[in-house]
Amino acid sequence: MLEGRGLNAEQEKAVRTTDGPLLILAGAGAGKTKTITERIVHLVCRGVPAEKILAVTFTNKAAKEMRERIVRALNDERMLNRPLSRGALGTPAPFISTFHGLGVHILKENARVLGITRNFAIFDRSDSIRSIKEAMKQVGVDPKQFEPRRILSAISREKGTGTTAGEYEIEAGNDYFKRTLARVWRVYEQVLAKENALDFDDLLLKAVRLLQADAAVRKHYQSVWSHIHVDEYQDTNDIQYEFTKLLAGEKQNICVVGDIDQTIYSWRGANIDHLLAFEETFPGAHTVILTKNYRSTKTILSAANEIIEKNANRKEKVLVTDNDDGEAIALYGGFDESDEARHVVERAQELIARGTPPQEIAVLYRANFQSRTLEEAFLYAGVPYQVLGTRFFERKEVKDTLSFLRCALNPESSSDFKRIINVPPRGIGKVTLLKILDGKEDTLPPTMREKVSNFKNLLISIKEHALTEKPSKTIKYIITASGLEKQLLTGDDEDKERLENIKELVTLASKYDGFEPREGVEKLLEDAALASDQDSLEKSTDTVKLMTVHASKGLEFDFVFITGLEDGLFPHTSDADENRDTEEERRLFYVALTRARKRVFLSYAATRMIYGSREVNVPSEFISDISSDYIEEGEEGYRDEQERSEFLIIE
């Protein structure tokens, strides 16, 4: 049955191991998505109902790719002799989701048990920061003393370990920061409850707490999914680890795929021990190691193997490939960051001139601040580029449109109400708004009461459309009925561009038209709230991609530039990182190297302006860790002083 599937021996072993716990250690580019896909197809062919199979990953992009592959493979499987839908209508399909999407699914199905409504709002980071500021103001904490983002990050990390606000308050003791955090956290939870909202971390924490506390609910989901798959298992934090354990139950038909050498998220709670101790957590587990790489050249893999073998906290694994040797890794030492950026752009232009599609070129950097100089160089040269991180759903006009929908379905959401009551302007001031929120609407003048009444009737009308019409038609209605379209049509060129973005939202919403109206708009709002940086890549094709190494995880390109290879920058050092895994920077460089299919370009700057002062740099230790056999050094510095003056960026 597996003949002709193009599986190697180890992949086939993983596919055939269908009962009990299975650990797949998959090296970069080793075909892990293909292996998971074929394993799920094999399970269905053996008689496991498709809807009883669960697959969980970390990003919408990865979940979408896996879902499409699995549906396509199942439809092509002649043994099944039946078409499989994508899960909207018709034949049930495997449940493929992100961790947060899975949490939303369970919470909505058990909303009454939890004392929330199905239409609860999902706060994105900007919503949460706004609410943290509000909570800090209420308890009298100065944002200059405690940065709101730091407070939110601390709360997020605690929730990621499974801790609630009440538990943290008990454990805070006499520590001043912990007591302050506990006070802010308590009020923050009250703000969330008042708005019938959950933040990102609640989607996992509350789902896990429900499964822990309610045996009936836990047994229900253990029976709903008989076979569980978890991708990127090395990136799980404590709450995600507990989530998968609870769902696996006594049957323990759980298959996890991960790579210790690609653990790069310890700063947000990822715990490498979950992967290292899998055999202890699930006794009798089988282990399969995938080492054959289908992505990169022998040269790239040889360099990557040399880099990662210096780490001690790992399971031994050497990547191999049948691909060609490929070109040597290019190395360039720039005079400064502007010279380095100029060189990157010139090499990118050469690649494009030789026929390389711009989207097959990626420029990676360790820290976000590095992008400015690179962007200016690309702009100067007229080379189209895209910085990963500009999310479609974070644009103001898109958030405004979705806020109308969220507020219509969830009237308790005062944040959405405040956001849109004057979009477009309706002449409703702050004093009037406060009276409305305080329930003192009857004290308003008649003309103002009429304005407020008209706005509330608009929300009622939007809700009626959302519950009866296709999501795309509902978005169209919001655009016209709210007055947004009229306002933006009469504006400047930027306003017309904003209108185009809203119209793109209609196109996106049409993807949910196959669902029942209520379910369709709910899924649209869920996906908008859970969108990641990588989702924005699909919006632009013919552009060079600029991103952090962290953001590049899971992506691949023909040509990859790794910039800023200087001691202190990459590997990155900081006084705040004293408790961080010292091997993680090396794993991060390994991830960067293994994004490339054909060639890698390394570069560093002899001097770099950081925090207003120019520093002299030592090249990164990672460069010397790669054998000179695999490296081709280029010319260094500017070719002449005139060229230097043309490209030097005034600091």
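Taking an unreviewed UniProt entry as the reference, the protein chain is identified by name as DNA 3'-5' helicase. Under Sequence similarities (unreviewed entry), UniProt gives the following word-for-word description of the protein chain: "Belongs to the helicase family. UvrD subfamily."

1. Some thoughts on the packing of aromatic side chains
All chains considered together, the criterion is met by 16 aromatic pairs. Here Tyr 233 and Phe 278 contribute two aromatic rings whose centre-to-centre distance is 5.9 Å and whose plane-to-plane angle is 85°, an arrangement assigned as edge-to-face. Remark: Phe 278 occurs in helix α14 (residues 278-281) and Tyr 233 occurs in the loop between β6 (227-230) and α12 (238-248); sequence separation between them is 45 residues. We classify Phe 278 as buried; its relative accessible area is 0%. What links up through ring pairs into an aromatic cluster is the set Phe 95, Tyr 221 and Trp 225. Lying over the aromatic face of Phe 177, Arg 150 brings its terminal NZ or CZ to 4.3 Å of the ring centre. When the ring centre of Tyr 265 is taken as reference, the NZ or CZ atom of Arg 268 above it lies at 3.8 Å.

2. So, the nonpolar core
If you look at the biggest cluster of nonpolar residues, it comprises 43 residues, and the most contacted ones within it are Phe 243 and Leu 247. At the level of elements, β1 (22-26), β2 (53-57), α4 (99-109), α10 (200-213), α11 (215-224), β6, α12 and β7 (254-258) are the ones that each hand at least two residues to this core. It is α10 that provides the largest number of residues to this core, a total of seven residues. Among residues more than four places away in sequence, those in contact with Leu 247 are Leu 54, Leu 102, Leu 211, Tyr 221, Gln 222, Trp 225 and Ile 228. The next biggest cluster of nonpolar side chains, apart from the first, holds 42 residues, and it includes Ile 475, Leu 484, Leu 488 and Ala 531.

3. So, the domain arrangement of the protein chain
Partitioning the protein chain into domains gives domain 1 (9-100 + 210-292), domain 2 (121-195), domain 3 (329-391 + 539-633) and domain 4 (394-534). Relative to domain 2, the C-alpha centre of domain 1 lies at a distance of 33 Å. Contacts between the two partners involve seven residues from domain 1 and, on the opposite side, five residues from domain 2. Linking domain 1 with domain 2 are zero salt bridges.

4. Quick notes on the UniProt feature "binding site: ATP" (unreviewed entry) in the protein chain
Per the UniProt annotation, the sites labelled "binding site: ATP" (unreviewed entry) are Ala 26, Gly 27, Ala 28, Gly 29, Ala 30, Gly 31, Lys 32 and Thr 33. Structurally, the position occupied by Gly 29 is in the loop between β1 and α2 (32-45). Classification of Gly 29 by relative accessible area gives buried; the value is 14%. Ignoring sequence-local partners within four residues, the contact set of Gly 29 consists of Lys 292, Asn 293, Tyr 294 and Arg 295. By the element assignment, Gly 31 lies in the loop between β1 and α2. For Gly 31, a relative accessible area of 22% puts it in the partly exposed group. Setting aside its immediate chain neighbours within four residues, Gly 31 contacts Gln 11 and Tyr 294.

What counts, and at which threshold
Residues numbered from 1 in each chain as written. Predicted model: local features only at pLDDT ≥ 70, side-chain atom pairs only at ≥ 80, totals over all residues. Heavy atoms only, no water. UniProt positions renumbered as here; feature names shortened; annotations may be inferred. Phe/Tyr/Trp six-rings, centres within 6.5 Å; stacked < 30°, edge-to-face > 60°. Helix = DSSP H or I, 4+ residues; strand = E, 2+ residues; numbered from the N terminus. Buried < 20%, exposed > 50% of the residue type's maximum accessible area, 1.4 Å probe, protein only. Lys NZ or Arg CZ within 6 Å of the ring centre and 35° of its normal. Core = buried A, V, L, I, M, F, W, Y, C linked by side-chain atoms within 4.5 Å. Contact = heavy atoms within 4.5 Å. Domains from an automatic or database assignment. Salt bridge = Lys/Arg side-chain N within 4 Å of Asp/Glu carboxyl O.

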